[in-house]
Amino acid sequence: MFGQLGNIAELMRNAGKLRESVAKATEALGQLQVEGSSGGGAVTAKINGRMEMIALRIDPKLLADGDAELLEDLVVSAVNAAMVKARDSAAQSLASVAGGLPMGLFPGGDAPIGPGPGGS
């Protein structure tokens, strides 16, 4: 516990710089775009680093088949694949901003970025 006090003191000395770095990283997360796909590329979802879906592409052949249940499953699978990639990329980006500072110093610092499996 006391070993982390030095890290906290360093954090306080560099608070302005850290705030600026976090602001830049947050802006960059909006620019980050990743794709996830399912059904051999029949469904593709694009997610940004803020965990917002920005595009969804569905092969018209899937719509012609009329199998709504299959289409729903493929959409969920593609979105989840993209979310995993976006979460991993965002975590790497934010870790670089932290500059080696143990994220456990912050409440929820060990928690994954973004909503978990239950949503919000």
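Located above this text is the structure these notes cover.
Just so it is clear, the model here is predicted, and its values are computed rather than measured.

Colleague: Tell me about the overall build of the chain, residues and numbers included.
Modeller: Per the secondary structure count, the chain includes four helices and three strands. Each helix and strand of the chain, ordered N terminal to C terminal, gives the series α-α-β-β-β-α-α. Within the chain, buried positions represent 23% of all 120 residues. By sequence separation, contacts in the chain at least 24 residues apart represent 49% of the contacts at least 6 residues apart.

Colleague: How would you summarise the nonpolar core if you had to cite specific residues and measurements?
Modeller: Among the nonpolar cores identified, the biggest contains 17 residues, and Val 43, Ile 47 and Leu 62 are the most heavily contacted of them. Of all elements in the fold, only strand 2 (43-48) and helix 4 (68-98) reach the threshold of two or more residues within this core. Not counting residues up to four positions away in its chain, the partners in contact with Val 43 are Gly 36, Ser 37, Ser 38, Leu 56, Arg 57, Leu 62, Leu 71, Leu 74, Val 75 and Ala 78.

Colleague: Hey, could you go over the pattern of salt bridges for me, with residue numbers and the actual values?
Modeller: Evaluated as defined, the whole model comprises two salt bridges. Close ionic contact of Glu 20 with Lys 24 constitutes a salt bridge, the shortest N to O distance being 3.4 Å. Here the residue Glu 20 and the residue Lys 24 both occupy positions in helix 2 (residues 15-31), the gap between them amounting to four residues, near one helical turn. A salt bridge links Lys 46 to Glu 35; its shortest N-O distance comes to 3.9 Å. Taken together, the residues span a long stretch of sequence, with Lys 46 in strand 2 and Glu 35 in strand 1 (residues 33-38) at a distance of 11 residues.

Cut-offs used in this document
- Residues numbered from 1 in each chain as written.
- Predicted model: local features only at pLDDT ≥ 70, side-chain atom pairs only at ≥ 80, totals over all residues.
- Heavy atoms only, no water.
- Helix = DSSP H or I, 4+ residues; strand = E, 2+ residues; numbered from the N terminus.
- Buried < 20%, exposed > 50% of the residue type's maximum accessible area, 1.4 Å probe, protein only.
- Contact = heavy atoms within 4.5 Å.
- Core = buried A, V, L, I, M, F, W, Y, C linked by side-chain atoms within 4.5 Å.
- Salt bridge = Lys/Arg side-chain N within 4 Å of Asp/Glu carboxyl O.

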